[in-house]
Amino acid sequence: MSDSITLVVALAVPLILLTVLRINAVMVFLSLCLGAVLVKYVGADANSLMNLFFPHASNLGSSTVELVLLIGPVVATSVFMIFSVHGHIKTMLNILPAAGASFLGVLMAIPLLTPGLRYAIESQGVWQEAVRAQDLIVGATALISLVVLWAQRHRKGESKKHHR
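The rules behind the values
- Residues numbered from 1 in each chain as written.
- Predicted model: local features only at pLDDT ≥ 70, side-chain atom pairs only at ≥ 80, totals over all residues.
- Heavy atoms only, no water.
- Patch = residues over 30% accessible without salt bridge, like charges linked within 9 Å, V, L, I, M, F, W, Y side chains within 5 Å.
- Areas by Shrake-Rupley, 256 points an atom, 1.4 Å probe, with all protein chains shown as cover.
- Salt bridge = Lys/Arg side-chain N within 4 Å of Asp/Glu carboxyl O.
- Helix = DSSP H or I, 4+ residues; strand = E, 2+ residues; numbered from the N terminus.
- Expected span 1.5 Å × (residues − 1).
- Bend = angle between axes of the 7 residues up to and from the residue.
- Buried < 20%, exposed > 50% of the residue type's maximum accessible area, 1.4 Å probe, protein only.
- Polar contact = N/O pair within 3.5 Å; in protein donor to acceptor, adjacent residues only side chain to side chain.

**Q** Whenever I open this one, a nonpolar patch on the surface confuses me. Can you help?
**A** A cluster of nonpolar side chains, namely Ile5, Val9, Val13 and Leu17, defines an oily patch on the protein surface of about 330 Å² accessible area. Summarising the element assignment, Val13 is placed in helix α1 (residues 2-20).

**Q** Please explain helix α7 (residues 125-152) as it appears in this structure.
**A** For the α-helix, the turn length of 3.6 residues means that residues three or four positions removed from each other point alike. Compared with the 40 Å implied by 1.5 Å per residue over 28 residues, the 38 Å span of α7 between its first and last C-alpha is a close match. Where α7 bends most, the angle comes to about 55°, and this point is Ala133.

**Q** Before we go on, may I ask you to explain the pattern of salt bridges in this structure?
**A** Side chains that carry opposite charge are capable of pairing whenever their charged atoms lie near each other. Tallied over the full model, the rule gives one salt bridge. For Glu129, the salt bridge identified is with Arg132, shortest N-O distance 2.3 Å. Of this pair, Glu129 and Arg132 both sit in helix α7, three residues apart, which is roughly one turn of that helix. Here Glu129 falls in the partly exposed class, since its relative accessible area comes to 49%.

**Q** Would you take a moment to explain helix α2 (residues 25-53) for this structure?
**A** Taking 1.5 Å per residue, 29 residues should reach 42 Å; α2 reaches only 36 Å between its end C-alpha atoms and comes up short. Maximum bend of α2: about 60°, positioned at Val42. Three or more residues of α2 are buried, namely Ala25, Val26, Val28, Phe29, Ser31, Leu32, Gly35, Val39, Gly43, Asn47 and Met50. Regarding α2, its N-cap is Asn24, as a side-chain oxygen of that residue lies 3.1 Å from the backbone nitrogen of Val26 further along.

The following block contains the structure:
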């Protein structure tokens, strides 16, 4: 049961942080996608390089490198985007991509954990439900993120207030 609570907390904490700190969740979602690309294409080489310098590194070292590659762009983007969402309506709309980014982050991070921790979480019913819903959640978040990005573009005729 504690692993289910851990999974729920792992989903809720990023959502709360993105909402309270008014971090642009679309940019975080895109940064998470970048992290996934880094893990896929750079992860093996980064682990080889780490094993060259630290030959006695265990699975913990390998997992750590991949988690840093996945989460690093998200953390950097979050720091740069703190308080970037302005207005009550935009803050409320930001909750949808924030939920999707949280969900995607957990879906991508759990398989990168050490085997013992990973299997403890993956054996839970909550995880099985999350995996079943992943296509719908990721697709919906991608679509919502595109719509929010398109809505953020400046419209013709709109300009900032001019001071005299």
